[in-house]
Amino acid sequence: CTDYPWDLFDLSYQARSSLKMLESRKGFELKILKALSTELTVQTQNMLYHLGEEWQKLAVWKLPPSKETIGPESVIHSELHLCTLPSKEEEIAGPPVASVLQAFAVLGELRTKLKTFGKLLLKYILKPLISYPFLQPFIEEQSDVVILKFRSEKPDLDHSSPAEVFDKIKFILEVLHKYLLSKLSLPFGLSLNKKECRVTLAELLGDMIWEELSDCLIQNCLVNSIPSNSSKLEQYIEVIKSTEEFEKALKKMKFLKGDATDLLKYARNVNSHFANKKCQDVIVAARNLMTSEIHDTVKITPDSCVTLPKLPDPGSGDHVKMQKTSKHLPNKMVHLENDSKLSKYTFSLPTCRISASVEKLMELAYQTLLETTASTDQCCIQLFYSVRNIFQLFYDVVPTYHKENLQKLPQLAAIHHNNCMYIAHHLLTMGHQFQYRLTNILCDGAATFVDLVPGFRRLGMECFLAQMRVQKGEILERLSSARNFSNMDDEENYSAANKAIRQVLHQLKRLGKVWQDVLPVNVYCKAMGTLLNTALSEIITRIAALEDISAEDADRLYSLCRIMVEEGPQVFTPLPEEEENKKYQEEVPVYVQKWMTFKELMIILQANLQEIVDQWADGKGPLAAEFSPAEVKSLIRALFQNTDRRAAALAKIK
């Protein structure tokens, strides 16, 4: 077996064939068959052992020390040594590559050897070349060996272009084809598997590694080459051409067979991949914006312009149709339009602050819709619905991700309210702006976002109203420590009531500062008015429920109420400029429902019986507009002793 004469392997092949034929016949001596089978197995294993040693000399792997993790630092040390013996010395130095491979084929071990070789080739050479753009393959030729090695070069980009990757892979396969795989053409009849003898070694290896290799090329090369902008789709034709040329080269070397492969199909289906990638990128970018901080804000005014893309002139649309229609109308009807115009601010969003991330989110939505106008029909539909998915994702993600902060921090609740109103404001017209620039499928009324508007308005209102309920609860809790405003002649009771009122005013002023310049002015005033009204209503209810109010109690209750009347309007500071807030402080009765009721209560606390009757004015006076007869009578009984004058006054309150 030292010189590996071909007759020995041929004999082994014939012995196995004869043994199988004898085993199929009945009546033959079984002991002889077993002995022959055993001897044949021993000889076969002996030959395989020596062939394995020769194979290890012909294809030698120099691998990095750590085989568990293959990284960019370690893979550069991978080498493949291919033995190339001169033809004159073949008989002296040992069996050539072809003889060893033929022997493996005869013994049925060729596929196993090629499979192991293919795994190493993928792991240490082909896949690293695809994944790491800095790797460059080269060969070092010596007298009896060719060494396949790597060198490191600084890449221009993070990812190599498909053409560059294909060139590297072709270089490797060409080297293998020249020095290893083209050495053997299996003659018919040498293999037990007749199908195997009709294929070359390149085909065998190609069948074993192509599926994994093409998948790696798709996931780590072609995916990165998919353009992120529709304007670059035309340039992708070069990628398709380079893929076709790559496959032609592989077919020429017999690595590939057949017409269509998954690699080329993927490259040609670029429109679908572009849409999928674009949609995925849009959703990822949107989610990152949604999970960013809310408190980083920008100011929105009726005059401010959001950075939105300039839309192209529509090929057809409602404006064009109106022009065509107007040509057929009589001249008298054309000029029926009213000369008065709506203000340019009529449909503008009021001045407020929104999250910078939400402004960027709307820009992302508009940019994506602009992409749809230059895309294929299928891509257009996918991108359009990805924009809808952005807003549906916002509806689900933001309230959940920021739940704790929205509950605890009043300012963030106000900003979130504005964010939702801002988005709803744009959703009203977003679909209409692109209606005649999208595919025909979407032009028939499907390109709309109006259905999302009520949900966003509700989302913003629910969050802010929840914060309002929290603030109302805190106001009522503070007033609960006022000891029902009873026995104000007691210093401890008066001090507790005074402290409770001061705490309420402090809370309102603190809220005013965090909501100032954030909420729209009208929303701010309504919110502060509602909270101040809650405090006044509670004070009125507690004082009106008292059964006995002495003169000193009345004076002290009046002084407490005066604090609310004097300092209450100061919480209405929606604008940073102090002077501009005066008009809102003067309009307190507009926003505080119980304001006049509270002032009438203060009058009662300081008035005599006749003044109260005059304020009632037979049920037509200001007092009657704020209190019921029963409430006024209850206050009179609490303030005045039971005398004929009190009885007469009570009789007039009806």
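Our subject is the structure listed above.
Let us look at the structure shown here. The numbers attached to residues start from 1 for each chain and follow its sequence in the written order. At least 70 in pLDDT is required for a residue's local features to be given in this predicted model, at least 80 for side-chain atom pairs to be given and counted, and no such filter applies to totals for whole chains, interfaces and linings, which use all residues. The basis for every side-chain value is the complete set of non-hydrogen atoms in the structure, without hydrogens or water.

### What about the overall build of the protein chain?
Which entries qualify depends on this criterion: Starting at the N terminus, helices and strands are each numbered in turn, a helix being any DSSP run of H or I of at least four residues and a strand any DSSP run of E of at least two. To sort residues, take the accessible area from a 1.4 Å probe on protein chains only and compare it with the maximum for the residue type: under 20% means buried, over 50% means exposed, and anything in between is partly exposed. Residue contacts are counted whenever heavy atoms from the two residues lie within 4.5 Å of one another. With residues, only the protein chains shown are counted as cover, and all accessible areas are computed by Shrake-Rupley using a 1.4 Å probe.
The helix and strand inventory of the protein chain stands at 29 helices and 6 strands. Counting across all 654 residues of the protein chain, residues that qualify as buried make up 45%. When contacts within the protein chain are restricted to residue pairs at least 6 apart in sequence, long-range pairs at least 24 apart make up 76% of them. If you sum the accessible surface of the protein chain, you get close to 35,300 Å²; carbon and sulfur atoms cover 50% of it.

### Describing the side chain of Lys168
Note the cut-off: We treat Lys and Arg as the positive residues and Asp and Glu as the negative residues; His and chain ends play no part in the count. Think of a salt bridge as a Lys or Arg side-chain nitrogen and an Asp or Glu carboxyl oxygen that are within 4 Å of each other. In protein, a polar contact requires one atom able to donate a hydrogen and another able to accept it; more generally it is a pair of N or O atoms within 3.5 Å, and residues adjacent in sequence count only if both atoms are side-chain atoms.
Structurally, Lys168 is set in helix H7 (residues 162-179). One buried charged residue, Lys168, remains without a salt bridge, the closest side chain of opposite sign being Glu164 at 6.1 Å. There is a polar contact of 3.3 Å between the side chain of Lys168 and the backbone oxygen of Pro133.

### With respect to empty space enclosed by the protein
Gaps left between atoms are located by rolling a probe of water-molecule size over the structure's atoms. Note the following rule: Points on a 1 Å grid over protein atoms alone make up a cavity when a 1.4 Å probe fits among them but cannot get out, and a pocket when they form an open set with protein on both sides within 12 Å along at least five of seven lines; lining residues each have an atom within 4 Å of a point. Grid points are joined across faces, edges and corners, and a volume is the space filled by probe spheres set on the points. Classes in brief: Ala, Val, Leu, Ile, Met, Phe, Trp, Tyr, Cys and Pro nonpolar; Asp, Glu, Lys and Arg charged; the others, Gly included, polar.
This structure, assessed with the given rule, holds 3 cavities of 30 Å³ or more. Taken as a whole, the largest cavity spans an internal volume of roughly 80 Å³. Surrounding the largest cavity, Leu289, Met290, Ser292, Ile294, Ser355, Ser357, Val358, Leu361, Phe394, Val398, His402 and Asn419 form its lining. Going through the elements one at a time, helix H11 (270-290), helix H14 (356-372) and helix H15 (377-401) are the ones with two or more residues in the lining of the largest cavity. If you tally residues by element for the lining of the largest cavity, the top one is H14, at 3 residues. Taken together, the residues of the lining of the largest cavity sort by class into 7 nonpolar, 5 polar and no charged.

### Here we look at the packing of helix H20 (residues 491-515) against helix H21 (residues 521-544)
The axes of two packed helices give the description: the angle between them and the distance between them. Heads up, the rule is: Angles run from 0 to 180 degrees between N-to-C directions of axes, and those axes are lines fitted to C-alpha atoms, restricted for helices to the stretch in contact. Orientation labels follow simple angle bins: below 35 degrees gives roughly parallel, above 145 gives roughly antiparallel, 65 to 115 gives roughly perpendicular, and whatever is left gives oblique.
Relative orientation of the contacting elements H20 and H21 amounts to 175°, with a least axis distance of 11 Å. If you check the angle between H20 and H21, you find them roughly antiparallel. Across the interface between the two elements, Ile501, Val504, Leu508, Leu511, Gly512 and Trp515 from H20 touch Tyr524, Ala527, Met528, Leu531, Leu532, Ala535 and Ile539 from H21. Class assignment for the residues of the contact of H20 with H21 results in 12 nonpolar, 1 polar and no charged.

### Description of the side chain of Ser357
With respect to the secondary-structure elements, Ser357 resides in helix H14. Residues within four places of Ser357 in sequence aside, it is in contact with Leu289, Ser292 and Glu293.

### Regarding the environment of Glu212
You can see Glu212 is positioned in helix H8 (residues 201-225). For Glu212, a relative accessible area of 40% corresponds to the partly exposed category. The spatial distance from the C-alpha of Glu212 to the C-alpha of Leu122 is 8.3 Å, given a sequence separation of 90 residues. Glu212 has contacts with Leu122 and Lys127, leaving out every residue within four places of it along the chain.

### A word on the packing of H11 against H14
Relative orientation of the contacting elements H11 and H14 amounts to 170°, with a least axis distance of 9 Å. Classified by the angle their axes make, H11 and H14 are roughly antiparallel. Of the residues in H14, those in contact with Phe274, Lys278, Val282, Ala285, Ala286, Leu289 and Met290 of H11 are Ser357, Lys360, Leu361, Leu364, Thr368 and Glu371. For the contact of H11 with H14, the class distribution of residues is 8 nonpolar, 2 polar and 3 charged.

### Looking at the packing of aromatic side chains
Stated formally: For Phe, Tyr and Trp, where Trp contributes only its six-membered ring, two rings pair if their centres lie within 6.5 Å, and the inter-plane angle classes them as stacked under 30 degrees, edge-to-face over 60, or tilted in between.
Across all of its chains, the model carries 12 aromatic pairs by this definition. With a centroid separation of 5.2 Å and 50° between ring planes, the pair formed by Phe384 and Phe449 is classed as tilted. Taken together, the residues span a long stretch of sequence, with Phe384 in helix H15 and Phe449 in the loop between helix H18 (440-443) and helix H19 (453-479) at a distance of 65 residues. Given the relative accessible area of 1%, Phe384 is considered buried. When the centroid spacing of 5.8 Å and the interplanar angle of 25° are considered together, the rings of Phe572 and Tyr591 count as stacked. Taken together, the residues span a long stretch of sequence, with Phe572 in the loop between helix H22 (551-567) and helix H23 (582-586) and Tyr591 in helix H24 (residues 588-591) at a distance of 19 residues.

### Some points on the pairing of strand S1 (residues 59-62)
Applied cut-off: A pair of strands is considered paired only if DSSP assigns at least 2 bridges between the two.
Side-chain alternation along S1 places Ala59 and Trp61 on a buried face and Val60 and Lys62 on a face that remains uncovered. Alignment of S1 against strand S2 (residues 79-83), held across 4 bridges, turns out to be antiparallel. In the strand pairing of S2, Val60 is matched with His81.

### A closer look at the sheet that holds strand S3 (residues 135-141)
The strands that make up a sheet are held in pairs by hydrogen bonds between backbone atoms, and each pair lies either parallel or antiparallel. Strand order across the open sheet formed by 4 strands is S1-S2-S4-S3, with antiparallel pairing between neighbours. In the strand order of this sheet, the two ends are held by S1 and S3, each with one partner. The mean inter-strand angle of the sheet, taken between neighbouring strand axes irrespective of direction, is 20°. Here S3 runs beside strand S4 (residues 145-152); their pairing, made up of 7 bridges, is antiparallel. Looking across to S4, one finds that Glu140 is bridged to Ile147. Running at roughly 50° to S1, helix H6 (residues 110-131) makes contact with S1, S2, S3 and S4 of the sheet. Taken strand by strand, H7 contacts S2, S3 and S4, and its axis lies near 25° from that of S3.

### Topic: the pattern of salt bridges
Applying the stated criterion to the full structure yields 18 salt bridges. A salt bridge links Lys278 to Glu371; the nearest nitrogen and oxygen atoms lie 3.9 Å apart. Within this pair, whereas Lys278 is found in helix H11, its partner Glu371 is found in helix H14, the two being separated by 93 residues in sequence. Given the relative accessible area of 8%, Glu371 is considered buried. For Glu567, the salt bridge identified is with Arg502, shortest N-O distance 2.7 Å. Here the residue Glu567 occupies a position in helix H22, and Arg502 occupies one in helix H20, the gap between them amounting to 65 residues.

### Concerning H6
An α-helical segment advances 3.6 residues per turn. Residues three or four places apart therefore align on the same side. Which entries qualify depends on this criterion: Expected helix span is taken as 1.5 Å per residue step, with the number of steps being one fewer than the number of residues. A residue's bend is the angle separating two fitted axes: one through the seven residues that end there, the other through the seven that start there.
With 22 residues, H6 extends 30 Å between its outermost C-alpha atoms, agreeing within 8% with the 32 Å of an ideal straight helix rising 1.5 Å per residue. The largest bend along H6 reaches roughly 45° and is located at Leu122. The complete set of buried residues in H6 reads Leu110, Leu114, Phe117, Gly118, Leu121, Leu122, Tyr124, Ile125, Leu126, Pro128, Leu129 and Ile130.

### Digging into the nonpolar core
Put simply, the rule reads: Throughout this description, the term nonpolar core refers to a set of buried Ala, Val, Leu, Ile, Met, Phe, Trp, Tyr and Cys residues connected via side-chain atoms within 4.5 Å.
Core analysis: the largest hydrophobic core is formed by 73 residues, its most contacted members being Phe485, Trp515, Met564, Phe572 and Phe598. Top contributing element to this core by residue count: H21, with 11 residues. Ignoring anything within four residues of it in the chain, the contact list for Trp515 reads Pro410, Gln411, Ala414, Phe464, Gln467, Met468, Tyr524, Ala527, Met528 and Leu531.

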